[in-house]
Amino acid sequence: MKIPPVKGTRDFYPAGMAVRNWIIDGWKRVSLRNGFEEYDGPIFEYLKMFQIKSGDEIAEQLFSFQDRGGRDLAIRPEITPTLARMVNQQINSLPRPIKWFSVPRLCRAERPQKGRLREFFQWNIDIIGIDDVLADAEVIFTTVDYLRDVGLTSSDIKVKISSRKLLAAVLTKVGVAKEQFDSLYALLDKKAKLPAETFSALLAEQVPDAARAEKVRAFVELKNVSEIKNVVPYKMGSDVDDAINEMAECIRLLDIMDVGDYCVFDPSIVRGLAYYTGIVFEVHDVVGQLRAIGGGGRFDNLLHDFGGPSIPATGMGMGDCVLEILLREKGLLDESVLRKELDFFVIDLTVERRDSDGVLSEDEAVRLTARLRSLGLSAEFSYKSAGLGKQLKEASSRNAKKCIIIGDEFKNGELVVKDMATGEQELVKLDELLKQLQA
RNA sequence: GUGAGAGUAGCUCAGUUGGAUAGAGCACCGGGUUGUGGUCCCGGGGGUCGCGGGUUCGAAUCCCGUCUCUCACCCCA
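Everything quoted here is computed from the prediction, not taken from an experiment.

## Side note on the overall build of chain A
Counting its secondary structure elements, chain A contains 16 helices and 17 strands. Compactness check: chain A gives a C-alpha radius of gyration of 29 Å against a globular reference of 22 Å for 439 residues, more than 25% above the reference. In terms of principal-axis extent, the alpha carbons of chain A reach across some 100 × 55 × 50 Å. Counting only residues that meet the buried cut, chain A has 47% of its 439 residues in that class. Considering only contacts in chain A between residues 6 or more positions apart, those separated by 24 or more positions represent 67%. Accessible surface, chain A: about 22,600 Å² in total, of which carbon and sulfur atoms supply 50%. Within chain A, the 68 negative side-chain charges are centred at a point lying 3 Å from the centre of the 60 positive side-chain charges.

This is the structure:
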């Protein structure tokens, strides 16, 4: 009986595993050079932990189960609650700022579609304990640092940055009631996907006052922080003023960090859930055909919501699915990046003539390969005792840099070392070769 | 949860108004070639045409059911 793979999961054959490792190694490398330390938690937690900051609808998209002791558990759909739990547990002994990263494997019982699977990897970085917008900028910089590192340019992707604080201040100033915010956020979040007329119609439903609706529409279409005053006049020291200054400072810092060309102010970015409190951002492909590559923002109430003290936090999450699609589209995942390399392929031609020449041993290829490996080099031999041509062919298909041929010359302790790229070959004494490789 | 599309070899796909033993390219294995590879030539293995039923002398092809996958919506932590 053939059993198919479970919906929304992936089998990582060696080629796919190479891609996955390449992506994850990049995430880790960039996290470390940006000063983040790695952490991880269990892949399942108490179900209720995932219900704290998310509504029931999201709880329905969990893989949950009961253990034999009757505990309600769930496979983690995100790692932020685990982070909050871990930080809260040791909050008084952790040096600040807490700059941590993780690459958890996550599961969500959603219906899979392009760029969204039921099991995936997600890079998370968080800075906890810093109120300053500099921390938000550093999170965004680290995100761009990675994307730029793997070859994506500012004409491939943009980080769209906004601020929940600014949005709330502007909406208040415009005269929208606080109770309306959440449903309005949901609409604004959808703006990019909707035709302009549909958006206007839906906006009119939520904000019946035409003048107010027009101000909201004008605000979310702004491309520049300095233009806000044209839509919503404000006073020095007001909430709007504070939020604008913070937003402008974030953008100024990103310019100083030399990633300004990747970043744009986009007030229509709000992010799904209500727990963001300040700067929010999403990374999108410029063409806009894919779902968000990553996103994040400030969530100053999170630790408190998980039973800890009120400590500010800001962070980012990026999944591997959309990223891989984009990298493939841009030709940044070509074989040369991922092809496995072999330092040496050892060919023994003495095998079949051993009987007529007792000096030679059929074990030489195995012996030499093992010595090369113990020197830290990757080395292979053929399981088949085929002719030289066949074995060189095998070496080529294994992408060997060099071949070592054990032939007649081995009677004098000499080996042929062939460079597979240039085709050049030389006779080398075995001891000299090993001495050379050891150095 | 709602809607649309697609299922033929490991992969990408052809398969005419229903017709004989279901094909190609790539991949894999072997040979050409027992001391010189990558390109080339020849050969081989691999299929319950998603599954079940129906129509028919005859079904990959037509009909019904069913399963699975993909895409979009909802949602997106």
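## Some points on the packing of helix α5 (residues 164-174) against helix α10 (residues 239-256)
At a minimum axis distance of 8 Å, the contact between α5 and α10 shows a crossing angle of 150°. Overall, the two elements α5 and α10 adopt an arrangement that is roughly antiparallel. When you trace α5 past α10, the crossing you get is left-handed. On α10, the residues touching K165, L166, A169, V170 and K173 of α5 are D239, V240, A243, I244, E246 and M247.

## Quick word on the pattern of salt bridges
In total, this model carries 27 salt bridges according to the counting rule given. The salt bridge partner of R76 is D40, with a shortest N-O separation of 3.0 Å. With R76 in the loop between β4 (72-75) and α3 (80-89) and D40 in the loop between β1 (37-38) and β2 (44-46), this pair connects stretches of sequence that are 36 residues apart. A salt bridge links D343 to K401, with the nearest nitrogen and oxygen atoms 3.1 Å apart. Note that D343 is positioned in strand β13 (residues 342-348) and K401 in strand β15 (residues 400-406), a separation of 58 residues in sequence. The partly exposed category is assigned to K401, whose relative accessible area is 39%.

## A closer look at the sheet that holds strand β17 (residues 425-429)
Within the open sheet, the five strands sit side by side as β14-β13-β15-β16-β17. Their pairing is mixed. Looking at strand neighbours, the two that pair on one side only are β14 (379-381) and β17, the edges of this open sheet. Going across the sheet, the axis of each strand differs from the next one's by a mean of 25°, ignoring polarity. By the bridge criterion, six bridges tie β13 to β15 in an arrangement that is parallel. For F344, the partnering residue across the bridge sits in β15 and is K402. Along the sheet, helix α15 (residues 388-397) makes contact with β13, β15 and β16 (414-419), crossing β13 at roughly 165°. Packing against the sheet, helix α16 (residues 430-438) makes contact with β13, β15, β16 and β17, and its axis sits at approximately 100° to β17.

## Focus on α16
When α16 is considered as a whole, its buried residues turn out to be L430, L433 and L434. One side of α16 holds all its buried residues, which, seen down the axis, span an arc of 95°. Turned more than 90 degrees from where α16 packs its buried face, D431, K435 and Q436 sit exposed.

## Points about the pairing of strand β7 (residues 119-128)
Within β7, ten of the ten residues are buried, leaving the element largely enclosed by the surrounding structure. Residues E119, F121, W123, I125 and I127 line one face of β7 and the alternating positions F120, Q122, N124, D126 and I128 line the opposite face, and both faces are buried. Where strand β5 (residues 98-102) and β7 come together, five bridges link them in antiparallel fashion. Opposite W100, over in β7, you have D126 as the bridge partner. In terms of strand pairing, strand β6 (residues 105-107) meets β7 through three bridges, oriented antiparallel. Pairing of C107 across the sheet is with E119, part of β7. Here β7 pairs with strand β12 (residues 313-319) via seven bridges, running antiparallel.

## A look at the state of the cysteines
Following the criterion strictly, the structure yields zero disulfides and no others. Residue C263 stays outside any disulfide, its sulfur separated by 7.6 Å from that of C250, the closest cysteine.

## Description of the sheet that holds β2
Strand order in the open sheet made by the three strands is β2-β4-β3, with antiparallel pairing throughout. The open sheet has two free edges, formed respectively by β2 and β3 (64-66), since each of these has just one partner strand. Across the sheet, the axes of successive neighbouring strands diverge by a mean angle of 35°, strand direction being ignored. Strand direction decides the pairing type here: β2 and β4, joined by three bridges, are antiparallel. Bridge pairing in β4 places E45 opposite A74.

## A closer look at the protein's contact with RNA strand B
Residues in close proximity to RNA strand B total 36 residues, the closest being E78, R111, D408, M420 and Q425. Atoms of RNA strand B within 4 Å of the protein: sugar and phosphate make up 45%, bases the balance. Separating a sugar or linking oxygen of RNA strand B from a side-chain N or O atom of E78 is a distance of 2.4 Å. Contact between RNA strand B and K190: a phosphate oxygen at 3.4 Å from a side-chain N or O atom of the residue. Put simply, the parts of the chain that give the surface near RNA strand B at least two residues each are α2 (56-59), α15 and β16. Considering every element that reaches the surface near RNA strand B, the biggest residue donor is α15, with six residues. Considering only residue class, the surface near RNA strand B consists of eight nonpolar, eight polar and 20 charged.

## A word on the side chain of Q122
Note that Q122 resides in strand β7. Only 3.0 Å separates the side chain of Q122 from the side chain of N124, close enough to count as a polar contact. For Q122, the residues in contact, after removing those within four places along its chain, are W27, S102, V103, P104, L106, R108, G317, M318 and G319.

Calculation rules
- Residues numbered from 1 in each chain as written.
- Chains lettered and ligands numbered in written order.
- Predicted model: local features only at pLDDT ≥ 70, side-chain atom pairs only at ≥ 80, totals over all residues.
- Heavy atoms only, no water.
- Helix = DSSP H or I, 4+ residues; strand = E, 2+ residues; numbered from the N terminus.
- Rg over C-alpha atoms; globule rule 2.2 N^0.38 Å.
- Buried < 20%, exposed > 50% of the residue type's maximum accessible area, 1.4 Å probe, protein only.
- Contact = heavy atoms within 4.5 Å.
- Areas by Shrake-Rupley, 256 points an atom, 1.4 Å probe, with all protein chains shown as cover.
- Lys, Arg positive; Asp, Glu negative; His and termini not counted.
- Charge placed at Lys NZ, Arg CZ, Asp CG, Glu CD.
- Axes fitted to C-alpha atoms, helices over the stretch in contact; angles between N-to-C directions.
- Parallel < 35°, antiparallel > 145°, perpendicular 65-115°, else oblique.
- Left-handed = near helix turned anticlockwise from the far one by under 90°.
- Salt bridge = Lys/Arg side-chain N within 4 Å of Asp/Glu carboxyl O.
- Pairing = 2+ DSSP bridges.
- Arc of directions from axis to C-beta.
- Disulfide = S-S within 2.5 Å.
- Near = heavy atom within 4 Å.
- Polar contact = N/O pair within 3.5 Å; in protein donor to acceptor, adjacent residues only side chain to side chain.
- Nonpolar A, V, L, I, M, F, W, Y, C, P; charged D, E, K, R; others polar.

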